[in-house]
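What the coordinates show
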Amino acid sequence: MNKMSETYQQIARAIDYLNHNFRQQPKLAEVAEQAYLSEYHFQRLFTDWAGVSPKKFLQYLTLDYAKGQLRKGLTLAETADASGLSGTSRLHDLFVTLEGVTPGQFKLAGEGLLLRYGIFDGPFGLYFLAALDEKICKLWFLDESEPVENLVQRLKAEWPGAKIQPDQIALETLARRIFVSGNSEQLRLLVKGSFFQLKVWEALLRIPEGRITSYDQIATAIGMPNASRAVGTAIGNNPIGYLIPCHRVIKKTGLFGNYRWGAVRKTALLGWEAAQTAKTEAY
């Protein structure tokens with residue numbers, strides 16, 4: 001296992017423990033034990049990873065935090081405007097552009113195209129990355145129970161006419177730009193989906209880092225307030241994790257809910273982003 005993923009696994013065990021025990025406000029020693037580390041080393045490792053102490057991070061995992069975010073009641077457009085014009089935080093939709101495949105590409109199922117893929121190490125574990133030239137078409141976090149070959153086969157099934165080949169070196173530069181806040185180079189995403197799915201995924205891009213919304217609010221934002229269940233399905237089919245931030249959508253009760261790549265990873269993503277945003281706004 002690569003060093004970054006090994007660190008994430010240690011952090012994930014601690015976050016899982018905090019998730020289930022935050023109401024008891026566990027002491028540092030209890031949480032450190034979950035990562036098989038001393039208090040000193042765990043405190044340092046966690047702070048290096050999250051940018052804040054475990055105690056501070058715990059505040060971002062509470063139900064009150066989630067409910068407080070939802071109670072602010074801003075629309076996605078208002079939230080983006082308020083966040084994007086204050087401080088130094090970047091808006092997600094300025095960092096990422098979303099493109100649907102052309103009718104010709106769809107009809108030909110990728111015939112004549114070359115898709116490259118590779119496995120990379122990130123702050124939230126290993127992930128599968130695939131791209132057409134400089135356009136990212138897949139980012140799937142790896143599940144230890146699913147072989148990488150299964151992901152390759154799924155990619156081939158979606159693009160049966162394309163040439164699919166591993167190319168770690170060609171994607172290295174692209175991968176280095178993904179988990180970087182304040183990146184001045186825009187990332188381009190290429191997705192295949194229905195018109196409804198594209199509208200949902202575009203709405204997700206308008207949720208700034210450190211903020212969350214509900215399925216109902218997404219449905220309202222795309223002009224279909226009664227379609228929250230269909231919105232949930234579209235979010236569950238998100239082909240590009242993290243960059244299309246489906247992890248920022250939670251239940252209107254304030255509960256974080258399920259996540260395609262695991263509840264612990266969703267909690268880690270939300271807490272990490274909240275911590276980064278809090279640090280930025282403090283300056």
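Just so you know, these numbers come straight off a predicted model, no measurement behind them.

Before going further, it helps to examine the overall build of the protein. Scanning the protein from terminus to terminus reveals 14 helices and 8 strands. Counting only residues that meet the buried cut, the protein has 48% of its 283 residues in that class. Of the contacts made within the protein by residues no fewer than 6 positions apart, 68% connect residues no fewer than 24 positions apart. Here the protein displays about 13800 Å² of accessible surface, and carbon together with sulfur accounts for 52% of that area.

Our next topic: the pattern of salt bridges. For the coordinates displayed, the defined rule picks out 8 salt bridges. A salt bridge links Glu99 to Lys135; its shortest N-O distance comes to 3.0 Å. Taken as a pair, Glu99 in strand S1 (residues 96–100) and Lys135 in strand S4 (residues 135–141) lie far apart in primary sequence, 36 residues in all. Residue classification places Glu99 among the partly exposed positions, given a relative accessible area of 24%. The salt bridge involving Glu134 is made with Arg177; its shortest N-O contact spans 3.8 Å.

Moving on, we get to the packing of helix H11 (residues 195–205) against helix H13 (residues 228–236). When two helices pack together, their arrangement is given by the angle between the helix axes and the distance between those axes. Running from N to C, H11 and H13 point in directions that differ by 80 degrees, and their axes come no closer than 9 Å. The angle between H11 and H13 falls in the class roughly perpendicular. On H13, the residues touching Phe196, Gln197, Val200, Trp201 and Leu204 of H11 are Ala230, Val231, Ala234 and Ile235. Among the residues forming the contact of H11 with H13, the class breakdown is 8 nonpolar, 1 polar and no charged.

Bringing the layout of surface pockets into the picture now. Gaps left between atoms are located by rolling a probe of water-molecule size over the structure's atoms. The volume enclosed by the largest pocket comes to roughly 420 Å³. If you list the elements that add at least two residues to the lining of the largest pocket, you get helix H1 (3–21), strand S3 (125–132), S4, helix H9 (148–158) and helix H14 (263–282). The leading source of residues in the lining of the largest pocket is H1, at 4 residues. A class-by-class count of the residues in the lining of the largest pocket yields 11 nonpolar, 4 polar and 6 charged. Here the second largest pocket defines a volume of roughly 290 Å³. Lining the second largest pocket are 16 residues, and of these Asn19, Leu255, Phe256, Gly257 and Thr267 sit closest to its centre. Of all elements in the fold, only H1, helix H5 (63–71) and H14 reach the threshold of two or more residues within the lining of the second largest pocket.

A few words now on the side chain of Asn238. Its location among the elements puts Asn238 in the loop between H13 and strand S8 (249–250). Within the structure, Asn238 has its side chain in polar contact with the backbone oxygen of Ile244 (distance 2.8 Å). The residues contacting Asn238, other than those within four sequence positions of it, are Trp201, Ile244, Cys246, Arg260 and Trp261.

As a further point, take the packing of aromatic side chains. In this structure the tally under the stated criterion is 16 aromatic pairs. When the ring of Phe124 is compared with that of Trp272, the centres are 5.2 Å apart and the planes differ by 85 degrees; the resulting orientation is edge-to-face. Linking Phe124 in the loop between strand S2 (114–122) and S3 with Trp272 in helix H14, this pair joins segments that are 148 residues apart in sequence. Taking the relative accessible area as the measure of exposure, Phe124 reaches 0% and is therefore buried. For the pair Tyr127 and Phe179, a centre-to-centre distance of 5.5 Å together with 70 degrees between the ring planes defines the contact as edge-to-face. Here Phe179 lies in the loop between helix H10 (168–176) and strand S6 (187–191) and Tyr127 lies in strand S3, a separation of 52 residues in the sequence. Like Phe179, Tyr127 is buried. Through pairs of rings, three or more aromatic residues link up here, namely Tyr8, Phe42, Phe46, Trp49, Phe57, Phe120, Phe124, Tyr127, Phe179, Tyr242 and Trp272. Positioned above the aromatic ring of Trp140 is the side chain of Arg154, whose terminal nitrogen or guanidinium carbon lies 4.4 Å from the ring centre.

Before going further, it helps to spend a moment on unusual backbone geometry. Phi angles above zero are rare outside glycine, and Gln25 is one such case at about 45 degrees. By secondary structure assignment, the location of Gln25 is in the loop between H1 and helix H2 (28–34). Under the relative-accessibility criterion, Gln25 is labelled partly exposed at 47%. Unusually for a residue other than glycine, Tyr36 sits at a positive phi of about 60 degrees. Within the secondary structure, Tyr36 sits in the loop between H2 and helix H3 (39–50).

Turning our eyes to something else, we now look at the sheet that holds S6. Read across the open sheet, the 6 strands follow the order S1-S6-S4-S3-S2-S5; overall the sheet is mixed. The open sheet terminates on both sides in strands that have one partner only, identified here as S1 and strand S5 (163–166). Along the sheet, successive strands turn relative to each other by an average axial angle of 35 degrees, direction set aside. Relative to S4, S3 runs antiparallel, the two sharing 6 bridges. Across the sheet, Phe128 pairs through a bridge with Trp140, a residue of S4. H11 contacts S1 and S6 of the sheet and is inclined by roughly 175 degrees relative to S1.

Conventions used here
- Throughout, residues of each chain are indexed from 1 in the direction in which the sequence is written.
- Where totals are concerned, whole chains, interfaces and linings use all residues; where local detail is concerned, this predicted model gives features only for residues with pLDDT of at least 70, and gives and counts side-chain atom pairs only at 80 or more.
- Calculation of side-chain values draws on the structure's entire complement of heavy atoms; hydrogens and water are dropped beforehand.
- Secondary structure elements follow DSSP: runs of H or I no shorter than four residues count as helices, runs of E no shorter than two count as strands, and numbering proceeds from the N terminus.
- For every residue, the accessible area (1.4 Å probe, protein chains only) is compared with the maximum for its type, and the residue is labelled buried under 20%, exposed over 50%, or partly exposed between those bounds.
- We call two residues in contact when some of their heavy atoms are within 4.5 Å.
- Only the protein chains shown count as cover for residues, and all accessible areas are computed by the Shrake-Rupley method using a 1.4 Å probe.
- Whenever Lys or Arg places a side-chain nitrogen within 4 Å of a carboxyl oxygen from Asp or Glu, that contact is recorded as a salt bridge.
- Orientation is described by lines fitted to C-alpha atoms, with helices fitted over the stretch in contact, and by angles between N-to-C directions that extend from 0 to 180 degrees.
- By definition in this entry, angles of less than 35 degrees are roughly parallel, angles greater than 145 are roughly antiparallel, angles of 65 to 115 are roughly perpendicular, and the rest are oblique.
- In this classification, Asp, Glu, Lys and Arg are treated as charged, Ala, Val, Leu, Ile, Met, Phe, Trp, Tyr, Cys and Pro as nonpolar, and every other residue, Gly included, as polar.
- Think of a 1 Å grid over the protein atoms and nothing else: a 1.4 Å probe that fits but is trapped marks a cavity, an open set flanked by protein within 12 Å on at least five of seven lines marks a pocket, and residues with an atom within 4 Å of a point count as lining.
- Grid points are joined across faces, edges and corners, and a volume is the space filled by probe spheres set on the points.
- Distance and chemistry together define a polar contact, namely a pair of N or O atoms within 3.5 Å, with one atom able to donate a hydrogen and the other to accept it when in protein, and with adjacent residues in sequence counting only for side-chain atoms on both sides.
- A pair of aromatic rings is counted whenever rings of Phe, Tyr or Trp (Trp by its six-membered ring) have centres within 6.5 Å, and the orientation is called stacked for planes under 30 degrees apart, edge-to-face for over 60 and tilted otherwise.
- Either the NZ atom of lysine or the CZ atom of arginine qualifies as a charge over a ring when it sits within 6 Å of the ring centre and within 35 degrees of the ring normal.
- Strands are labelled as partners when DSSP assigns at least two bridges between them.

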